[in-house]
Amino acid sequence: METRFTKGKSAILERPLSRPKTEVSVSAFGLLFSEVVQYCQSRVYSVTELQAKLSEMGQRVGGSLLDVLVLREKNGKRETKVLNMLLFIKVNVWRSLFGKEADKLEQANDDDKTYYIIEKEALVNTYISVPKDNSTLNCAAFTGGIIEAILTNSGFPAKVTVHWHKGTTLMIKFDDAVIARDKALEGR
């Protein structure tokens, strides 16, 4: 008689109570991140300064996150090529931060130093309501700061900016030396 109610499914009493350690409640993240935005907003006077402040906070997170992910995912081995590093960010870093891969990774047609990571609906923008006078605000600057720190601390100095295009687009512009080193590695 008891199996009739649980046929094909595990009994609810057999399921673990705790969530895996990698999951964080989206509502808790939304609340915490909105407090971070409000904290930064109270200390700046313009949208540009607010995005710079969010990026700066993201860089602190990115520096610590890199070490953890390289140890967990790569057994301490770091990437040496630009494309491999960008794929590591698109897949591993994004999955660690947001629970899924980034939507797209593209290279600019006219510039070999510029790449784009495109996220149609960035989680950091989901629970932030932007007033009309700050309509250019993109809170994904925090994510851009994380990515910039990861790239810079991995030996790929770059400037990451965030734009509204196809959703949220992180534009990654590498230093000339990085592209020259990458081309030299391909020539070997």
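Labelled according to an unreviewed UniProt entry, the chain appears under the name Trafficking protein particle complex subunit 5, originating from Mugilogobius chulae. Check the Subunit (unreviewed entry) section of the UniProt entry for the chain; it says "Part of the multisubunit TRAPP (transport protein particle) complex." Turning to the chain, the UniProt annotation filed under Sequence similarities (unreviewed entry) states: "Belongs to the TRAPP small subunits family. BET3 subfamily."

> Whenever I open this one, the packing of aromatic side chains confuses me. Can you help?
The relation between two aromatic rings is expressed through the spacing of the ring centres and the mutual angle of the planes. All told, the structure shown has 4 aromatic pairs when counted by the stated rule. Geometrically, the ring pair formed by Phe-29 and Phe-33 is stacked, given 5.8 Å between the ring centres and 10° between the ring planes. One end of the pair, Phe-29, and the other, Phe-33, are both in helix H2 (residues 26-41), 4 residues apart, so they sit about a helical turn from each other. Seen in terms of ring centroids, Phe-33 and Phe-142 are 5.3 Å apart; in terms of plane orientation they differ by 65°. Their pairing is edge-to-face.

> Before we go on, may I ask you to explain the packing of helix H3 (residues 47-74) against helix H6 (residues 141-153) in this structure?
Two packed helices can be described by the angle between their axes and the distance between those axes. Close contact between H3 and H6 brings their axes to 6 Å; oriented N to C, the two are set at 45°. Considering the angle they form, H3 stands oblique to H6. When you trace H3 past H6, the crossing you get is right-handed. Contacts between H3 and H6 involve Gln-51, Leu-54, Ser-55, Met-57, Gly-58, Gln-59, Val-61, Gly-62, Gly-63, Leu-65 and Leu-66 from the former and Ala-141, Phe-142, Gly-145, Ile-146, Glu-148, Ala-149, Ile-150 and Asn-153 from the latter. Looking at the contact of H3 with H6 residue by residue, the classes come out as 10 nonpolar, 8 polar and 1 charged.

> In this structure, what is going on with the nonpolar core? I would like to understand it.
Counting 42 residues, the largest nonpolar core has Ile-89, Ile-147, Leu-151, Ile-172 and Phe-174 as the members making the most contacts within it. Sorting the residues of this core by element identifies H2, H3, helix H4 (82-98), strand E2 (114-119), H6, strand E3 (158-164), strand E4 (168-174) and helix H7 (176-187) as the ones contributing at least two each. With sequence-adjacent residues up to four places away left out, Phe-174 is seen in contact with Val-82, Leu-86, Lys-113, Tyr-115, Leu-151, Phe-156, Pro-157, Ala-158 and Ile-179.

> Can you walk me through the sheet that holds E2 in this structure?
Within a sheet, adjacent strands bond to each other through the backbone by hydrogen bonds, running parallel or antiparallel. Read from one edge of the open sheet, 4 strands run E1-E2-E4-E3, paired in antiparallel fashion. Because the sheet does not close on itself, it has two edges, and the strands there are strand E1 (104-107) and E3. Here the average twist between neighbouring strands, direction ignored, is 20°. Bridge count between E1 and E2: 4 bridges; the pairing is antiparallel. The partner of Leu-105 across the bridge, within E2, is Ile-117.

> Before we go on, may I ask you to explain the packing of H2 against H3 in this structure?
At a minimum axis distance of 9 Å, the contact between H2 and H3 shows a crossing angle of 125°. When the interaxial angle is binned, H2 and H3 end up oblique. Every pair of crossing elements has a handedness; the one defined by H2 and H3 is right-handed. Counting all contacts with H2, which are made through Val-36, Val-37, Cys-40 and Gln-41, the residues of H3 involved are Leu-50, Lys-53, Leu-54 and Met-57. Considered class by class, the residues forming the contact of H2 with H3 number 6 nonpolar, 1 polar and 1 charged.

Procedures and definitions
- Sequence order as written defines the numbering, with residues in each chain counted from 1.
- Thresholds applied to this predicted model are a pLDDT of at least 70 for local features of residues and 80 or more for the giving and counting of side-chain atom pairs; totals over whole chains, interfaces and linings are not thresholded and use all residues.
- To obtain the side-chain values, all non-hydrogen atoms of the structure were used and water was disregarded.
- UniProt positions are given in the numbering used here, feature names are shortened, and annotations may be inferred rather than shown by experiment.
- When the centres of two rings from Phe, Tyr and Trp lie within 6.5 Å, Trp using its six-membered ring, the rings pair. Their planes under 30 degrees apart give stacked, over 60 give edge-to-face, and anything left gives tilted.
- Helix and strand definitions here come from DSSP, where helices need a minimum of 4 consecutive H or I residues and strands a minimum of 2 consecutive E residues; each element is numbered from the N-terminal end.
- Axis lines are fitted to C-alpha atoms, over the contacting stretch for helices. Their N-to-C directions set the angle, which ranges from 0 to 180 degrees.
- What sets the label is the angle itself: under 35 degrees gives roughly parallel, over 145 gives roughly antiparallel, 65 to 115 gives roughly perpendicular, and the rest give oblique.
- The sense of a crossing depends on the near helix, which, turned anticlockwise from the far helix by less than a right angle, makes the crossing left-handed and, turned clockwise, makes it right-handed.
- Any two residues having at least one pair of non-hydrogen atoms within 4.5 Å are treated as being in contact.
- Residues are grouped as follows: Ala, Val, Leu, Ile, Met, Phe, Trp, Tyr, Cys and Pro are nonpolar; Asp, Glu, Lys and Arg are charged; all remaining types, including Gly, are polar.
- In plain words, nonpolar cores are sets of buried Ala, Val, Leu, Ile, Met, Phe, Trp, Tyr and Cys residues tied together by side-chain atoms within 4.5 Å.
- Accessible area is worked out with a 1.4 Å probe on protein chains only. A residue is then buried under 20% of its type maximum, exposed over 50%, and partly exposed in between.
- Whether two strands pair comes down to DSSP finding at least two bridges between them.

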